[in-house]
Amino acid sequence: MKILITGGNSTFAKKLKEVGGDKYITPTRQELNLVDKASILKFYENNKDIDGIIFNARNSGSNVLSTVEQWLDSNNEAMLIDILKLNYIATGLLIHLYKDSLKFVVGLPTSMVNHDSKPQCCPVYIFEKEVLKNTIERFSYTQHLKGIKMFNINPGPMNTDQEYYNHAVKMDRILNNLDLVENGSFEYINNTKFDNEN
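## Some points on the overall build of the protein
Then, number 1: Within the protein one finds six helices and six strands.
Then, number 2: Listing each helix as α and each strand as β along the protein from the N terminus yields β-α-β-α-β-α-α-β-α-β-α-β.
Then, number 3: When the accessible surface of the protein is split by element, carbon and sulfur atoms take 49% of a total near 10,300 Å².

Given below as structure tokens:
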């Protein structure tokens, strides 16, 4: 089995590679630029035997757009457009390129903003992850993609090397037990139903 992980330079992608070895393909942005359709097509031409995709890439930092000037800023506008390119266009393009070989697709969104504890205005990271979550959910019940298991799973907080490793082990276990996951589900990775040693 070959599993593509977008955002291949991320700590989580590296930990998955550490846990699962060569079944995980972790291209760099130079090898697979998700805001460049030509790059996506080139990657596909050179890697046609992909069985699963984990959508892990992101384009935003910790930006919070809270002023008129920030909303008018052309760099912020370009960043928001790239978020749609990465999380909607690239996601859709990759799924449709590989639809005849894909067994599963996983989106890694985050949890919703708790407005009581996080009084932020328009956190861009949350917007980015919500676009990904919605895209995977919509595709999960699209008729022409019904043969592909598609779900979102919230990886939860990962602040230490050990937490990244533990969550990578759990994700690898989930992918070895896909029958436990329903299409479109928004499960938390530490859900006890995934606590098995198979």
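What follows continues from the structure just given.
## Points about the side chain of N177
Then, number 1: Of note, N177 is situated in the loop between α6 (161–175) and β6 (186–188).
Then, number 2: On the accessibility criterion, N177 (9% relative accessible area) is buried.
Then, number 3: Within the local environment of N177, its side chain forms a polar contact with the backbone oxygen of R173, the two atoms lying 2.8 Å apart.

## Notes on the nonpolar core
Nonpolar side chains in soluble globular proteins generally cluster together in the buried interior.
Then, number 1: Among the nonpolar cores identified, the biggest contains 24 residues, and L34, I53, F55, I95, Y98, V105 and M150 are the most heavily contacted of them.
Then, number 2: F55 has contacts with T6, T91, L94, I95, V105, V106, G107, L108, L132 and I136, leaving out every residue within four places of it along the chain.
Then, number 3: Judged by nonpolar contacts, the second largest core, of 20 residues, contains L16, I153, M171 and L175.

## Remarks on the pattern of salt bridges
Then, number 1: This model, assessed by the stated rule, comprises nine salt bridges.
Then, number 2: Notably, a salt bridge pairs D172 with K23, separated by 2.8 Å at the nearest N-O pair. Taken together, the positions of D172 in helix α6 and K23 in the loop between α1 (11–20) and β2 (24–25) put the pair 149 residues apart, joining distant regions of the chain.
Then, number 3: K103 serves as the salt-bridge partner of D51, at 3.1 Å between the closest nitrogen and oxygen.

## Here's the deal with the packing of α1 against α6
Then, number 1: Closest axis-to-axis distance for the α1/α6 pair is 8 Å, and the angle between their directions is 60°. If you check the angle between α1 and α6, you find them oblique. Along this stretch, α1 crosses α6, giving a crossing that reads as right-handed. Of α6, the residues touching α1 (which contributes T11, F12, K15, L16, E18, V19 and G20) are D161, Y164, Y165, H167, A168, V169, M171 and D172.
Then, number 2: Of the residues in the contact of α1 with α6, the class split is eight nonpolar, three polar and four charged.

## Here we look at the pairing of strand β4 (residues 104–107)
Regular strands place side chains that alternate from one sheet face to the opposite one.
Then, number 1: Residue alternation in β4 divides its side chains into two sets, F104 and V106 and V105 and G107, and both sets are buried.
Then, number 2: Bridge analysis of strand β3 (residues 52–55) against β4 gives four bridges, and the strand direction is parallel. Considered in β4, the bridge of I54 is made with V106.
Then, number 3: Two elements, β4 and strand β5 (residues 149–154), share four bridges in a ladder whose sense is parallel. By the bridge assignment for β5, V106 is matched with F151.

## Some points on the confidence of the model for the protein
Then, number 1: When pLDDT is averaged along the protein, the result is 86, and 88% of the positions lie at 70 or above.
Then, number 2: When the elements of the protein are averaged for pLDDT, β6 gives the smallest value, 71, and helix α2 (residues 37–46) the largest, 97.

Rules and cut-offs
- Residues numbered from 1 in each chain as written.
- Predicted model: local features only at pLDDT ≥ 70, side-chain atom pairs only at ≥ 80, totals over all residues.
- Heavy atoms only, no water.
- Helix = DSSP H or I, 4+ residues; strand = E, 2+ residues; numbered from the N terminus.
- Areas by Shrake-Rupley, 256 points an atom, 1.4 Å probe, with all protein chains shown as cover.
- Buried < 20%, exposed > 50% of the residue type's maximum accessible area, 1.4 Å probe, protein only.
- Polar contact = N/O pair within 3.5 Å; in protein donor to acceptor, adjacent residues only side chain to side chain.
- Core = buried A, V, L, I, M, F, W, Y, C linked by side-chain atoms within 4.5 Å.
- Contact = heavy atoms within 4.5 Å.
- Salt bridge = Lys/Arg side-chain N within 4 Å of Asp/Glu carboxyl O.
- Axes fitted to C-alpha atoms, helices over the stretch in contact; angles between N-to-C directions.
- Parallel < 35°, antiparallel > 145°, perpendicular 65-115°, else oblique.
- Left-handed = near helix turned anticlockwise from the far one by under 90°.
- Nonpolar A, V, L, I, M, F, W, Y, C, P; charged D, E, K, R; others polar.
- Pairing = 2+ DSSP bridges.
- pLDDT = per-residue confidence, 0-100.

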